[in-house]
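So the chains spell out like this:
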Amino acid sequence: MSPMSVPLPHEDPDPARPWLDYRGSLELDPAPRRGYPSARAYEPNAAMPGHWREVRERAADQILAAADAAVTDPAIAAAVRAYLGGEPDPLGAAAAFQTAAACLSLWEVTRDYVQMDAWIAEHGADFAVVALMRQCETRIVNADTGKNFVSSRYRPERPALQFAPARPFGEIWARGPEALSLRTMLSTLPEPEYRHFRELFEPFGRNHYQRLVRAYAMPTERDWAREVFAEWPERDEKTWYSQNLLAAIVDSPDELATAKIHRLPSHRGQAPGAASLVEALGAAAAPFLIGALSIDTHEHVGKSSMHAVLAGLPSDAAVEYLLANMVAERTFPDVPDMAARFPRRTLRMIAKLTDRAEPSLRSRLAHLVTTVPELETARETAEPEVAEAIKRLVNLADAPPETAALPEFLASPPWKRKAPKRKKLVVDVAPLGEDGLHWCDGERDRWRDSADAVQRRLAETEDTAEALAALAKSANGHRALPPLAGPAAARIAADWLVRLRSTRLSVGDWLDRHGLDAARWLAPDAVGRAGKQRKAAEAVLRDTARRFGDAAVLAAVAPYGEDTAASVAEILAVDPLDLDGRKAPKLPEWVEPVLNMPVLLRGGRERLPREAVAHLVGAMALDSPAIPYAGLDIVKAHCDTASLSAFSWAVLEAWETNDAPAKDAWAMTQLARFADADAVARLEALIRAWPDRNYSKRALNGLEVLGAIESEDALRAVHRLTRFRGSKAVKAAAVNQVELVAAGLGLDTDQLADRLVPETGSNAVVAEQAARLERAMADGRTWTLDEFRERLLAHPLLGTLARRLVWTADGTAFRVAEDDTFADADDDAIDLPAGAAIRLAHPVLLDGALDTWVRHLADYEVLQPFDQLGRPARTVTEAEAAAGRLTRFEGRKARTGPVHGLAKSTWAAVRDGSTTVGIERRFRSGAVRVEFSPGYAGGPYFDADAVQVVDTVRFPADLDPVSLSEAVADLEKIAKG
């Protein structure tokens with residue numbers, strides 16, 4: 001043994017004593033089992049008889065109602081009355097308890113409620129056992145329907161009692177603690193007393209559930225156990241509870257095979273079935289535990305407990321699973337301890353995995369080998385083929401060689417050198433320029449109808465002081481920033497640039513709009529005293545210089561005088577690689593496992609040394625989407641793009657799977673510099689998953705990063721997230737990003753969406769685009785002739801859809817022929833004027849030509865992508881138009897369910913506090929708003945059959961006729977006369 005060696009543990013399982021196989025850190029609590037370490041003496045709770053009396057008093061009316069119900073079995077009714085009269089009737093006791101437990105919450109009495117203890121105190125253990133078994137053959141049903149009894153405070157039902165069928169179907173009827181208490185009581189009884197209960201249980205094998213409970217209570221009786229395993233595949237209902245009971249009966253994996261069970265019902269290591277299986281089978285339980293992890297769930301916390309159990313089992317399957325899933329299933333926290341417990345087994349599994357492992361996993365495996373002392377020791381005596389595989393892994397033998405020609409930055413980055421301190425020239429000058437507004441064409445008119453309060457107020461009043469005060473107080477209204485001009489707005493933009501990710505697009509728009517004026521307004525802050533304002537202003541000056549050049553910036557600040565110009569020149573002359581006051585990056589511990597990933601140079605023939613990879617990580621830490629660090633540009637110029645993207649994603653994974661420390665948030669923002677299409681797709685998937693794991697803030701940050709990735713794939717992903725239903729905050733932020741990107745390009749969001757449609761797509765993509773065109777028809781959206789040709793007809797996917805629809809241009813209806821010419825309903829060619837406004841036709845626009853167009857499409861066997869011509873055409877009366885109200889609906893009644901359905905689709909709920917008092921459908925030309933009473937509460941507990949009375953339906957005078965027709969058609973479906 002070498003001086004650095006450590007003693008190696010014993011790794012082999014013990015078939016004779018499987019409970020000794022488990023060596024994990026998670027404490028297991030199996031159901032007490034006779035003859036096993038879990039067996040323990042049982043002590044009934046002396047308070048339980050009093051609790052049972054309270055339960056009977058609180059549920060007295062329901063118990064009597066169940067006994068009196070017409071559909072209740074007469075034998076059960078008589079037994080209940082006998083028990084309530086004081087007789088020791090086990091069936092009556094079981095039925096009374098069954099009813100009480102179904103009609104009220106036992107937790108409100110005590111959280112440790114166990115009926116067995118009350119029965120034992122009443123009439124002894126024999127009575128309690130028989131009562132429990134009788135409970136297994138009774139069920140409570142709805143007295144009116146005969147179906148399973150499912151009562152709640154929101155929908156009370158009348159109870160009735162019946163005998164369960166021989167082949168039970170549906171819910172398990174008895175509660176869990178009683179069977180567990182019985183098993184515990186029997187686990188330590190002297191043998192003669194234990195044998196007595198075998199006789200007591202013998203008559204109670206009438207149905208599946210009775211046979212399961214008695215086998216669970218007495219797992220030593222293998223004939224009962226074999227009977228349960230044999231009939232298990234035929235069971236109609238296999239609940240989580242019953243499967244845990246079954247797991248506690250197992251003696252061998254063969255019995256589970258007989259029952260055709262391949263996994264446990266829960267992925268949680270604390271589940272009673274997991275503990276019982278480990279106690280009974282030891283390492284042989286591993287495949288069934290691993291199978292449980294395949295259950296679809298977002299609960300990584302729950303899975304981690306199962307990982308901890310697997311990490312304590314001497315099983316090749318467990319070790320391989322934990323090693324292979326260090327990232328995908330977040331098993332890495334348990335891997336080092338597992339490797340220390342089972343080093344030889346771990347080395348064998350690492351050797352097995354290396355050939356098929358991705359580079360990031362290979363790096364983690366190599367890091368594991370070199371950091372766990374027991375693995376280093378085990379290498380000395382490993383089989384030759386294992387030792388060779390580990391050697392190749394650690395030495396990166398299968399990767400290209402390290403390069404000897406590193407760029408200076410990666411060989412010796414600035415934070416590894418002592419830089420001379422520079423004294424910055426400070427000049428005290430007042431800013432030039434006044435606060436004002438710089439509107440783009442049509443912007444102010446659009447903002448008057450904006451949903452953003454600050455935008456709307458600014459457009460109405462042009463009060464810059466009010467808007468600046470609102471933005472200085474909160475960045476929530478950041479979309480109002482771009483037109484604001486002057487030193488005050490510039491100071492806000494500079495602060496947001498260096499401090500906030502969420503305002504990135506608004507700040508970018510502001511910088512684009514004001515250009516060199518930004519440098520002039522911020523020069524006084526940039527040359528002023530050291531502090532946050534100076535740093536922020538310097539960042540804007542450097543950003544402006546990158547886009548316009550140093551000379552243009554110096555010319556912009558020249559009016560301040562020579563001293564100011566000289567100080568600005570110093571700022572611009574700073575080496576972009578210098579830290580310039582920033583803290584030197586420190587390598588976080590969580591990134592160490594991925595530093596062995598091969599980051600290839602361009603051409604793929606050489607890779608960066610590990611130290612250079614660490615320097616790359618340091619550069620990532622200095623970078624941000626708002627203020628890029630020039631060192632990463634050097635890296636991108638020298639390194640392979642795909643290799644960088646893979647390493648960038650591995651860094652994000654390492655951070656995210658190590659609880660995403662906030663101080664290292666750069667680990668996500670760096671992805672914006674390297675992400676390829678695959679990384680974009682994976683980031684979008686994470687953004688969709690994070691809200692389900694209570695990581696909504698992380699999802700919003702991820703969305704900001706996604707928006708900072710300069711690719712069409714990323715923009716498409718952001719656009720898809722505008723329809724994300726998993727998080728209102730993420731959806732709203734995505735809508736905001738898309739609107740800002742569209743505004744920056746001089747487009748509206750629909751025009752941007754046209755540009756983001758992929759050229760090919762699945763049926764889902766085609767359906768999505770068809771639905772988008774249908775919304776465009778309802779909205780009255782128009783295209784110019786050039787847009788129509790370039791964005792629709794010339795597009796492989798949209799063009800196919802467009803040719804199956806009818807269009808209008810300034811009142812003239814037409815369709816697109818196979819040669820992309822335009823034809824009317826008589827098949828005559830027509831020419832459209834250059835200035836034509838093209839929109840989708842609608843029956844309300846076609847008047848008497850509707851039937852002609854229907855026949856025309858039928859003649860050509862055109863199958864429309866959505867029901868364009870078969871939908872209703874609705875118009876308003878002169879009185880309704882004058883009033884701006886759809887009076888035909890006032891006083892009509894609508895069921896709450898259909899109303900809520902509209903609010904979840906094309907309409908939106910109008911709420912007063914937590915009560916929905918109306919619905920609204922927004923179109924381009926205005927909104928239709930319905931108000932009704934009495935309204936309904938949000939959440940899942942409203943009565944779908946409750947009636948809402950329509951009070952008013954309002955619409956604006958200039959609402960597009962197609963939009964109005966669509967709204968009326970929607971309301972006709974739900975509001976009856």
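Residues numbered from 1 in each chain as written. Predicted model: local features only at pLDDT ≥ 70, side-chain atom pairs only at ≥ 80, totals over all residues. Heavy atoms only, no water.

J.: Looking at this model, I keep getting lost on the overall build of the protein. Mind explaining?
T.: Helix and strand content of the protein: 49 helices and 15 strands. In terms of overall dimensions, the protein has C-alpha extents of about 105 × 95 × 60 Å along its principal axes. The buried share of the protein, reckoned over its 977 residues, is 53%. Across the protein, every contact between residues at least 6 apart in sequence was considered, and the portion connecting residues at least 24 apart equals 69%. For the protein, the exposed surface amounts to about 44,300 Å²; the carbon and sulfur share of it is 51%. Taking the average location of the 119 positive side-chain charges in the protein and that of its 141 negative ones, the two points are 3 Å from each other. (Helix = DSSP H or I, 4+ residues; strand = E, 2+ residues; numbered from the N terminus. Buried < 20%, exposed > 50% of the residue type's maximum accessible area, 1.4 Å probe, protein only. Contact = heavy atoms within 4.5 Å. Areas by Shrake-Rupley, 256 points an atom, 1.4 Å probe, with all protein chains shown as cover. Lys, Arg positive; Asp, Glu negative; His and termini not counted. Charge placed at Lys NZ, Arg CZ, Asp CG, Glu CD.)

J.: In this structure, what is going on with helix α26 (residues 487–499)? I would like to understand it.
T.: Spacing of three or four residues puts side chains on the same side of an α-helix, whose turn is 3.6 residues. Its 13 residues place the ends of α26 18 Å apart at the C-alpha level, agreeing with the 18 Å of an ideal helix rising 1.5 Å per residue. Here α26 has its buried residues at P487, A489, A490, I492, A493, A494, W496 and L497. Turning to α26, the residues buried within the fold contact α25 (464–473), β4 (484–485), α27 (504–514), α28 (516–526) and α29 (532–548). (Expected span 1.5 Å × (residues − 1).)

J.: Even after reading the chapter, I still don't get the domain arrangement of the protein, so can you show me in this structure?
T.: It is common to give the size of an interface as the accessible area that goes away when the parts come together. Taken domain by domain, the protein consists of domain 1 (47–293), domain 2 (314–395), domain 3 (436–573), domain 4 (595–621 + 628–754), domain 5 (763–860) and domain 6 (878–975). Taking only C-alpha atoms, the centre of domain 2 and the centre of domain 4 are 30 Å apart. Area buried by domain 2 at its contact with domain 4 is led by R330, F332 and S363, which between them contribute 49% of it. Counting every contact that joins domain 2 to domain 4 gives one salt bridge. (Domains from an automatic or database assignment. Buried area = accessible area lost by both parts, 1.4 Å probe. Salt bridge = Lys/Arg side-chain N within 4 Å of Asp/Glu carboxyl O.)

J.: What is the right way to look at the sheet that holds strand β7 (residues 812–816) in this model?
T.: Strands sit in the order β5-β10-β6-β7-β8-β9 across an open sheet of six strands; the sheet is antiparallel. At either end of the open sheet lies a strand with only one pairing partner, and these are β5 (783–784) and β9 (829–830). By the bridge criterion, two bridges tie strand β8 (residues 822–823) to β9 in an arrangement that is antiparallel. Its bridge partner being in β9, F822 is matched across the sheet by I830. (Pairing = 2+ DSSP bridges.)

J.: What is the right way to look at the confidence of the model for the protein in this model?
T.: Note that predicted coordinates carrying low pLDDT should not be read in detail. The predicted model of the protein averages 92 in pLDDT, with 97% of residues at 70 or higher. Helix α16 (residues 316–324) holds the highest mean pLDDT among the elements of the protein, 98, whereas helix α15 (residues 300–310) holds the lowest, 84. The model gives residues 170–174 a pLDDT under 50, and that stretch makes 20 contacts with residues more than four places away or in other chains. (pLDDT = per-residue confidence, 0-100.)

J.: In this structure, what is going on with the UniProt feature "coiled-coil region" (unreviewed entry) in the protein? I would like to understand it.
T.: Under the present numbering, the feature "coiled-coil region" (unreviewed entry) in UniProt falls on residues 444–471. In residues 444–471, the share of helix is 75% and the share of strand is 0%. The end C-alpha atoms are 18 Å apart. (UniProt positions renumbered as here; feature names shortened; annotations may be inferred.)

J.: What is the right way to read the packing of α29 against helix α31 (residues 562–573) from this model?
T.: Between two packed helices, the angle of one axis relative to the other and the distance separating the axes together describe the packing. Contact geometry of α29 with α31 gives a least axis separation of 10 Å together with a crossing angle of 75°. Judged by the angle between their axes, α29 and α31 are roughly perpendicular. Along its contact with α29, which presents R534, E538, L541, R542 and A545, the element α31 presents S567, V568, I571 and L572. In terms of residue class, the contact of α29 with α31 is made up of five nonpolar, one polar and three charged. (Axes fitted to C-alpha atoms, helices over the stretch in contact; angles between N-to-C directions. Parallel < 35°, antiparallel > 145°, perpendicular 65-115°, else oblique. Nonpolar A, V, L, I, M, F, W, Y, C, P; charged D, E, K, R; others polar.)

J.: Got a minute to help me understand the pairing of strand β2 (residues 159–163) in this structure?
T.: Regular strands place side chains that alternate from one sheet face to the opposite one. Here β2 lies mainly inside the structure; four of its five residues are buried. By the bridge criterion, five bridges tie strand β1 (residues 138–142) to β2 in an arrangement that is antiparallel. By the bridge assignment for β2, R139 is matched with Q162.

J.: I tried to follow the pattern of salt bridges on my own but got confused; where do I start?
T.: Once their charged atoms are close, side chains differing in charge can pair, the charge on each being opposite to the other. Summed over all chains, the structure comprises 73 salt bridges. A salt bridge links D623 to R673; the nearest nitrogen and oxygen atoms lie 3.2 Å apart. With D623 in the loop between α32 (610–622) and α33 (630–638) and R673 in helix α36 (residues 671–674), this residue pair connects regions lying 50 residues apart in the sequence. There is no split in this pair, since D623 and R673 are both buried. Each of R34, E191, R195, R198, E202, E221 and D223 takes part in one network of salt bridges that share partners.

J.: Quick question: what am I supposed to make of a positive patch on the surface here?
T.: On the surface, R725, K728, K731, K904 and R911 cluster together into a patch of positive charge. Within the element layout of this structure, K904 appears in the loop between α48 (896–903) and β12 (908–912). Overall, the relative accessible area of 54% leaves K904 in the exposed class. (Patch = residues over 30% accessible without salt bridge, like charges linked within 9 Å, V, L, I, M, F, W, Y side chains within 5 Å.)

J.: How do you make sense of the sheet that holds strand β13 (residues 915–923) when you look at a structure like this?
T.: Strand pairing in a sheet is mediated by backbone hydrogen bonds. Such pairs are either parallel or antiparallel. An order of β11-β15-β14-β13-β12 is seen for the five strands of this open sheet, with the pairing classed as antiparallel. The open sheet has two edge strands with one neighbour each: β11 (893–895) and β12. For this sheet, the mean inter-axis angle between neighbouring strands, taken without regard to orientation, is 35°. Where β11 and strand β15 (residues 947–954) come together, three bridges link them in antiparallel fashion. Bridge assignment links A894 to a residue of β15, and that residue is Q948. The sheet contacts of helix α49 (residues 961–974) involve β11, β13, β14 (926–937) and β15, and relative to β13 the element is tilted by about 145°.

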